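# Breakdown of the fold
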Amino acid sequence: MKTLRSLACLAPILLAACGADPAPGPVEQIIVREAGAKTAAPAPAAATGDAAGALIAEGKAAFANCSACHAVAKDAPNGAGPNLFAIVDQPAGQVAGFAYSDALKASGITWTAAELDGFIADPSAKIPGTTMITGAIADAATRQAVIAYLESITAN
Amino acid sequence: MSKTETGSPGKMGKWTRRAFIGAGVVAGSALVVGVAVRPGNPIDRLSPMLADGKDEQLLNAWVKVDADNIVTAVIPHVEMGQGVYTALAQMLADEMDADWNKVQILEAPADKQYVSDSIGRDFLFPDLEVPALFEPTVAGGILELAQAMGLQFTGGSYSVRATGQRAMRTAGAAAREMLVAAAASEWQVPAGEITTADSMILHAGSGKAEPFSKFALAAAEQSLPAKPTLKSPENYKIMGQSKARHDIPGKVDGSAIFGIDANVPGMKYAAVKAAPVVGATVESMDATTARTMPGVLQILNMGDFVAVVADGYWQAQQALNSIDTKYSKTEGDSLDQEALFARYATHLDEAGENGGDVETEEGDVGKGFAEAVTKVEAEYKVPFLAHATMEPMNCTAWVRDGKCDVWSGHQAPVNARQAAADAAGLAFEDVTYHNAFLGGGFGRRSESDNIIMATRIAKATGYPVKMIWSREEDTAQDHYRPSATSRFQGGLDKDGKAVSWSNIHTHLFDPKDAPTVPYYNIASHKIRKVDVPTQLRFGPWRSVDHSQHGFFIESFVDEMAHAAGKDGYAFRRELLAGSPRHLKVLDTAAKMSGWGSALPERHGRGIAFVPSFGSIVAQVAEVDMSGPKPKVTKVYVAADPGFVINPDGFTAQMESAIVYGLTAALYGEISIKNGEVQQSNFHDYPMLRINEMPEVEVALINGDHKRLGGGGEPGLPPIAPAVTNAIFAATGTRVRELPLSKHSFA
């Protein structure tokens, strides 16, 4: 392995990898505030809308991560994952034109909020063999927000 | 080494003796075919990993066929605007006879199984020839080496000519043959009577026609074709076509995700400032103001840089700007631009007539020069250059519970993953690297400094952090194209024919052939280099060493032509005599430009010719010198990359290389004072503006379909010398130092 490492350093394009730091931690770390705590500065006025609206907005923000693979606009093309327009309460594996895994197609699931919650928490535990291999959301509150957002995207 | 060729020798290059094909079934529904780089069939081992979901996706494969007759091309390279997804998918789909409208694209995960074996080979053993008998051992060795090097790398203009030519086409052809064999068995007809087209399997005699998907499972049971037959160019249906780019719709409608778009729930933002002199450390930081500023969560002195973590990027950057930082002294503090060039000169002087490291030597250059009737000498200089990618450097990282996730756009995802693992103090397997589109790479994103910094910050905070560099940081903390000096001595005989060529230059980085001129027929030549230490970080910059040597060599050829009393085009024709393929490229560019025809006062034409990365490119530039500064009005390009897979994409690469190279020729300069980079943003490191862009005309030549060249870089090296040669033609002033903004032509 040592030999390989030094050989690797011969390839100039990869020099940076050979000179990697031993990753020192901070010399000085000033923690002004914990990440979850409210800022000392006055919070911006809450946007108008009820709690449900806020939840959907939170879900929409969190969905940005999902949007790398999933479109939500009506008739938008499938990405690496199927379009999720009006997906809630639809049978699994039925979005036109998407190449589902056999496992998902055969799952017999209907995408209720509860089923979505279980799937998003750990897709391959819920449906072994699914090709959704990334994008799991560990945080239950974030999942609820994302599902609320998906529920808000309907044909109506 | 003796050759014990067992196949049709050299039929499609060398892949037949190098590749091993594997096939398998994923999740019971798809045929998966890959070109493995060692004996055995790793797909059987890898498929369950995908199916049971216990591991991240692992497919040592380049193609999948699923039950809906969708063909998926798995692309082991990253998309940074060069169109690689589309070109590689074209190569696979064509060999497979797939329906282009039903081809999907998947970027390979950052996994060591996807290292580019074919790239590793060309880097390390460019002329490797081994008997078929020993091939498995050699291939296995290469895989190990390539894995150690993390060569899942996009750069060196390698994707199409290496991965495409050796892997994607082979995988497509193998998949097709296996599908045909499966159908032949089912239909009880000879395989030779079966044809394929548009993802369908057809038998004319019986009128049978079924989609690929019908035989996907049965195909996976077929024995693997050891040497699938690749198409010859007259049978190409998708290769050679300007297929629409797969990545563009998302870039137009805004849905495309770049590294900087990473969005992780709970994520905070970091702004960073590294020590302005490389090697210096933070001695003290006064964060009195910063800690009272809105949104600020943490202020970190990381030793070599300072970081502020806040709720938003702007808050982090503003707080960072308020911090007063003192840095340690280093040896580099006194470094100035002039001193650096003086240091180059000293080393070159010390090397004298015979010192330095000889790169190539042929004939007796001393004798040739001594006997020459006309002697020409010149010295050229180029400055450091930054990459200035449109998307600023960034990385998002989350280190928690013994795991690490990293999001960015990187040219070598396996390297990035390893760098994050090292920085987090975790094993490679505990890091998940999520790659996205690159908003410009140009070599900058082959470095992992941003990955390491973000991971260190995330490790310190414990929550996900997106680190974004300001443009000032991007400009001042790049890995630069080195500044360089190059000296030449050339000799001409009584007929004005070049007989000796001697060059000594600073630095040699990559590719090793950049300073050499084997295509020019000169009786004696000797090329040497001297290494001069500087503390600035070097990095590959689009076309790498060709970016400076293209300018040096083609300027000096022009000076020799002038000394010989000859036209630059005619002089190069003489030097290329006996190389019809080279001549055709040169002639095409000259003819397109109307070379020799009259131009207005203070207008000029210049020609330059640079083969690089396996492609041959000639350019003619026209300049208008009637105003206060040079205006490049037109550029004619002739390019022969062997065979053009996607003409529109290749043409775009020629055009963008001219934008990038002309920017550098006109303005590009990173200068050093007191050890610090002087430039900070686009006001002092300007880019070419749209009103300065010349009209570009590109002619493509398919000169050798068996040996492909690259597309991303070869358009760049000729532009600077084509322009400076044109300036000489227009004004009589020879430019020997870039950028042009240093010079007055009034």
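Because the structure is a prediction, the values reported are computed rather than measured.

### Observations concerning the overall build of chain B
Looking only at helices and strands, chain B has 18 helices and 29 strands in total. Residues classed as buried in chain B amount to 61% of the 746 residues present. On chain B, roughly 26,400 Å² of surface is accessible, and the fraction owed to carbon and sulfur atoms is 52%.

### Some remarks on the overall build of chain A
For chain A, the count of helices and strands is 7 helices and 1 strand. The buried share among the 156 residues of chain A stands at 32%. For chain A, long-range pairs separated by at least 24 residues make up 35% of all intrachain contacts whose partners lie at least 6 apart in sequence. Accessible area of chain A: about 8,500 Å², with a carbon and sulfur share of 60%.

### A closer look at the pairing of strand β12 (residues 296-301) of chain B
In terms of burial, β12 of chain B is largely enclosed, as 6 of its 6 residues are buried. By the bridge criterion, 4 bridges tie strand β1 (residues 28-31) of chain A to β12 of chain B in an arrangement that is antiparallel. The partner of isoleucine 30 of chain A across the bridge, within β12 of chain B, is isoleucine 299 of chain B. Note: β12 of chain B against strand β13 (residues 305-310) of chain B, 5 bridges, orientation antiparallel. Opposite valine 296 of chain B, over in β13 of chain B, you have alanine 310 of chain B as the bridge partner.

### Comments concerning helix α11 (residues 413-424) of chain B
Residue and element names in this part refer to chain B. Between its terminal C-alpha atoms α11 stretches 16 Å, which fits the 16 Å expected from 12 residues at 1.5 Å a residue. In terms of residue burial, α11 counts as a mostly covered element, since 11 of its 12 residues are buried. Within the sequence span of α11, burial applies to Pro413, Val414, Asn415, Ala416, Arg417, Gln418, Ala419, Ala420, Ala421, Ala423 and Ala424. Looking at the residues trailing α11, positive phi occurs at glycine 425, about 70°.

### Let's talk about the domain arrangement of chain B
Residue and element names in this part refer to chain B. Each assigned domain of chain B is listed with its residue range as follows: domain 1 (10-239), domain 2 (259-330 + 393-468) and domain 3 (337-384 + 480-742). Contact residues are listed per partner, giving 21 residues for domain 1 and 16 residues for domain 3. Taken together, both faces of the contact between domain 1 and domain 3 bury some 1,400 Å²; the carbon and sulfur share is 58%. Between the two partners, domain 1 and domain 3, sit 0 salt bridges. Applying the counting criterion to the domain 1 and domain 3 interface returns 5 residue pairs in polar contact (both at pLDDT 80 or more). Among the secondary structure elements, those contributing two or more residues to the side of domain 1 that touches domain 3 are β1 (11-14), α2 (84-96) and α5 (159-187). Ranked by the residues each element gives to the side of domain 1 that touches domain 3, the list is headed by α2, at 4 residues. Classifying every residue of the side of domain 1 that touches domain 3 gives 9 nonpolar, 10 polar and 2 charged.

### Here's the deal with the packing of helix α15 (residues 568-575) of chain B against helix α16 (residues 580-593) of chain B
Residue and element names in this part refer to chain B. At a closest axis distance of 10 Å, the pairing of α15 and α16 adopts a crossing angle of 170°. Compared by their axis directions, α15 and α16 come out roughly antiparallel. Along this stretch, α15 crosses α16, giving a crossing that reads as left-handed. Two secondary-structure elements touch here, α15 through Tyr569, Arg572 and Arg573 and α16 through Leu583, Leu586, Asp587 and Ala590. Its residues assigned to classes, the contact of α15 with α16 comprises 4 nonpolar, no polar and 3 charged.

### Digging into the nonpolar core
Ranked by internal contacts, the top residues of the largest apolar core, which has 68 residues, are Trp501, Tyr520, Phe609 and Val723 of chain B. In terms of nonpolar packing, the next biggest core, distinct from the first, is built from 44 residues, Val65, Ile194, Ala216 and Phe643 of chain B among them.

### Things to note about the state of the cysteines
All names here are of chain A. Summed over all chains, the structure comprises 0 disulfides over all chains. Cysteine 69 takes part in no disulfide bond, and the closest cysteine sulfur to it belongs to cysteine 66, at a distance of 8.7 Å. Using a relative accessible area of 27% as the deciding quantity, one classes cysteine 69 as partly exposed.

### Remarks on the sheet that holds strand β8 (residues 200-203) of chain B
All names here are of chain B. Within the open sheet, the 3 strands sit side by side as β7-β8-β9. Their pairing is antiparallel. A single partner strand is all that each edge strand has here, and the edge strands are β7 (194-197) and β9 (208-211). Here the average twist between neighbouring strands, direction ignored, is 20°. Of the strand pairs in this sheet, β8 and β9 are connected by 4 bridges, and their pairing is antiparallel. Its bridge partner lying in β9, methionine 200 is registered against proline 211. Where α5 meets the sheet, its contacts fall on β7, β8 and β9, and the angle it forms with β7 comes to roughly 135°.

### So, empty space enclosed by the protein
Residues and elements named next belong to chain B. By the definition in use, this model includes 6 cavities of 30 Å³ or more. Roughly 120 Å³ of internal volume is contained in the second largest cavity. Elements with a contribution of two residues or more to the lining of the second largest cavity: α14 (546-563) and α17 (647-666). Residue classes in the lining of the second largest cavity are distributed as 11 nonpolar, 4 polar and 1 charged.

### Quick word on the environment of leucine 106 of chain B
Residue and element names in this part refer to chain B. Relative to the assigned elements, leucine 106 resides in strand β6 (residues 103-107). According to the relative accessible area criterion, leucine 106 is partly exposed, its value standing at 24%. Along the backbone, leucine 106 and alanine 89 are 17 residues apart, and their C-alpha atoms lie at a distance of 9.8 Å.

Analysis parameters
Throughout this description, residue numbers start from 1 for each chain and increase along the sequence as written. Numbering of ligands from 1 and lettering of chains from A proceed in the order in which they are written. Local features are withheld for residues below a pLDDT of 70 in this predicted model, meaning they are given only at 70 or higher, and side-chain atom pairs are given and counted only at 80 or more; totals for whole chains, interfaces and linings count all residues. To get the side-chain values, all heavy atoms of the structure are used, and hydrogens and water are removed first. Every helix listed is a DSSP run of H or I at least four residues long, and every strand listed is a run of E at least two residues long, numbered separately from the N terminus. Any residue under 20% of the maximum accessible area for its type is buried, any over 50% is exposed, and the rest in between are partly exposed; the area is computed with a 1.4 Å probe on protein chains only. Throughout, the Shrake-Rupley method with a 1.4 Å probe supplies accessible areas, and for residues the shown protein chains are the sole cover considered. The contact criterion used is simple: two residues touch if any of their non-hydrogen atoms lie within 4.5 Å. By this definition, two strands are paired if DSSP reports at least two bridges between them. In a helix, the anticipated span is given by 1.5 Å times the number of residues less one. An automatic or database domain assignment is the source of the domain bounds shown. What counts as buried area is the accessible surface, traced by a 1.4 Å probe, that two parts surrender upon association, with contributions from both included. For this document, the term salt bridge refers to a Lys or Arg side-chain nitrogen within 4 Å of an Asp or Glu carboxyl oxygen. Two N or O atoms form a polar contact when they lie within 3.5 Å of each other; inside protein one atom must be a possible hydrogen donor and the other a possible acceptor, and for residues adjacent in sequence the pair counts only when both atoms belong to side chains. Any residue outside Ala, Val, Leu, Ile, Met, Phe, Trp, Tyr, Cys, Pro, Asp, Glu, Lys and Arg is labelled polar, Gly included; the first ten of those are nonpolar and the last four are charged. Note on definitions: angles span 0 to 180 degrees between N-to-C directions of axes, and those axes are lines fitted to C-alpha atoms, for helices only across the stretch in contact. The labels follow the angle: roughly parallel below 35 degrees, roughly antiparallel above 145, roughly perpendicular from 65 to 115, and oblique for the rest. For any pair of crossing helices, the crossing counts as left-handed if the nearer helix is rotated counterclockwise from the farther one by less than a right angle, and right-handed if it is rotated clockwise. Definition used in this section: a nonpolar core is a set of buried Ala, Val, Leu, Ile, Met, Phe, Trp, Tyr and Cys residues joined via side-chain atoms within 4.5 Å. Cysteine sulfur atoms that pair up within 2.5 Å are treated as a disulfide. A pocket here means an open set of points on a 1 Å grid, computed over the protein atoms alone, that has protein on both sides within 12 Å along at least five of seven lines. A cavity is instead a set of points where a 1.4 Å probe fits but cannot get out; residues with an atom within 4 Å of a point line either one. Grid points are joined across faces, edges and corners, and a volume is the space filled by probe spheres set on the points.

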